[in-house]
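# Chain and residue survey
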Amino acid sequence: MELGALGWFTVAHLMLGVMPFLNYGVFNMEVVRVTQKELSAVVPLFDQYRVFYGQPSDLGLAHAFLEARISNDESVVLLAKNEQGIGIGFTQLYPSFSSVSVSTTLILNDLYVIEEVRGQGIGKQLLNSAKAYAVDVKAKGIGLETARDNLGAQKLYESLGYVKDTEYYSYFLNLQA
């Protein structure tokens with residue numbers, strides 16, 4: 001089991017709900033698993049993420065959605081906080097299952113870093129934290145999708161070992177058109 005630069009302490013800290021990191025870029029930061037306590041710090045980021053993808057801003061809806069996911073243990077949200085404890089990015093993982101391999105997989109559905117601090121390694125740390133969580137829960141792997149024109153994200157994913165699927169097509173049946 002190879003954890004790369006994160007090391008064994010990362011998994012232990014993630015299990016405790018806190019993941020400290022040394023200075024990456026301009027400042028110190030930490031990544032924590034969101035509980036009800038950190039919900040108010042991640043809601044504005046989640047709302048900005050949705051706005052980025054063309055949805056209207058709605059903090060109440062963002063709060064209700066995340067609160068339900070966390071309360072019902074339906075997702076894992078990891079929050080990057082700066083030295084002042086302010087949320088600067090997050091990622092959200094949803095559990096899924098593979099019938100063929102009879103194992104758990106994780107879907108990395110959301111990754112967002114505020115514009116002011118992009119390019120400073122925060123997305124990379126969030127992805128590494130997601131990997132540490134996946135290793136801890138013995139998931140088979142992490143799947144994600146991104147837009148074909150999101151070249152920056154693709155470069156980041158591939159630099160961390162994610163492999164682009166060129167064998168399968170992705171389909172979706174929209175029931176709310």
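Everything here concerns the structure above.
Residues numbered from 1 in each chain as written. Predicted model: local features only at pLDDT ≥ 70, side-chain atom pairs only at ≥ 80, totals over all residues. Heavy atoms only, no water.

## Section: the pairing of strand S3 (residues 76-82)
The buried fraction of S3 is high, at seven of seven residues. Alternating residues of S3 divide into Val76, Leu78, Ala80 and Asn82 and Val77, Leu79 and Lys81, and every residue in both groups is buried. For S3 and strand S4 (residues 87-98), the ladder comprises six bridges, and the chain directions are antiparallel. By the bridge assignment, Leu79 is partnered in S4 with Phe90. Linking S3 back to S4 in an antiparallel pair, the connection comprises four residues, with Gly85 at a positive phi of about 85°. (Buried < 20%, exposed > 50% of the residue type's maximum accessible area, 1.4 Å probe, protein only. Helix = DSSP H or I, 4+ residues; strand = E, 2+ residues; numbered from the N terminus. Pairing = 2+ DSSP bridges.)

## Considering unusual backbone geometry
Of note in this structure, Asp73 is not a glycine but carries a positive phi near 55°. As for its placement among the helices and strands, Asp73 is situated in the loop between helix H3 (59-71) and S3. The exposure class of Asp73 is exposed, given its relative accessible area of 56%. Backbone geometry at Lys138 places phi at a positive 60°, although glycine is not the residue there. Here Lys138 lies in the loop between helix H4 (122-136) and strand S6 (142-143).

## As for the pattern of salt bridges
This structure, assessed with the given rule, holds three salt bridges. Across the pair Asp73 and Arg33 runs a salt bridge whose closest N-O atoms are separated by 3.6 Å. Taken as a pair, Asp73 in the loop between H3 and S3 and Arg33 in strand S2 (residues 27-33) lie far apart in primary sequence, 40 residues in all. When its relative accessible area of 27% is taken as the criterion, Arg33 is described as partly exposed. (Salt bridge = Lys/Arg side-chain N within 4 Å of Asp/Glu carboxyl O.)

## As for the packing of aromatic side chains
Considering all chains together, one arrives at nine aromatic pairs under this definition. Taking the centre distance of 5.7 Å and the plane angle of 80° together, the rings of Tyr49 and Phe90 count as edge-to-face. Remark: Phe90 occurs in strand S4 and Tyr49 occurs in helix H2 (residues 39-52); sequence separation between them is 41 residues. In this pair, the class of Tyr49 matches that of Phe90, namely buried. Centroid distance Phe90 to Tyr112: 6.4 Å. Interplanar angle 45°. Geometry classified as tilted. Of this pair, Phe90 sits in strand S4 while Tyr112 sits in strand S5 (residues 103-113), and the two are 22 residues apart along the sequence. Of the residues examined, Tyr112 reaches a relative accessible area of 9% and is grouped as buried. Taken together, the aromatic side chains of Phe46, Tyr49, Phe52, Tyr53, Phe65, Phe90 and Tyr112 make up a single cluster linked through ring pairs. Here the basic side chain of Arg69 rests over the ring of Phe65, its NZ or CZ set 4.5 Å away from the ring centre. Cation over ring: Arg118 sits above Phe52, and NZ or CZ is 5.7 Å from the ring centre. (Phe/Tyr/Trp six-rings, centres within 6.5 Å; stacked < 30°, edge-to-face > 60°. Lys NZ or Arg CZ within 6 Å of the ring centre and 35° of its normal.)

## Some points on the nonpolar core
Core analysis: the largest hydrophobic core is formed by 38 residues, its most contacted members being Val42, Phe90, Leu93, Ile122 and Ile142. Among the secondary structure elements, those contributing two or more residues to this core are S2, H2, H3, S3, S4, S5, H4 and helix H5 (151-159). When near neighbours in sequence (up to four residues on either side) are disregarded, Leu93 contacts Ser75, Val76, Leu106, Ile107, Leu108, Ala130, Tyr133 and Ile142. (Core = buried A, V, L, I, M, F, W, Y, C linked by side-chain atoms within 4.5 Å. Contact = heavy atoms within 4.5 Å.)

## Re H5
Residues Ala153, Gln154 and Tyr157 constitute the buried set of H5. When H5 is viewed along its axis, its buried side chains cluster within an angular range of 100° and face the same direction. Opposite its buried face, H5 presents the exposed residues Leu151, Gly152, Lys155 and Ser159, each directed more than 90 degrees away. Buried residues along H5 sit in contact with S5 and H4. (Arc of directions from axis to C-beta.)

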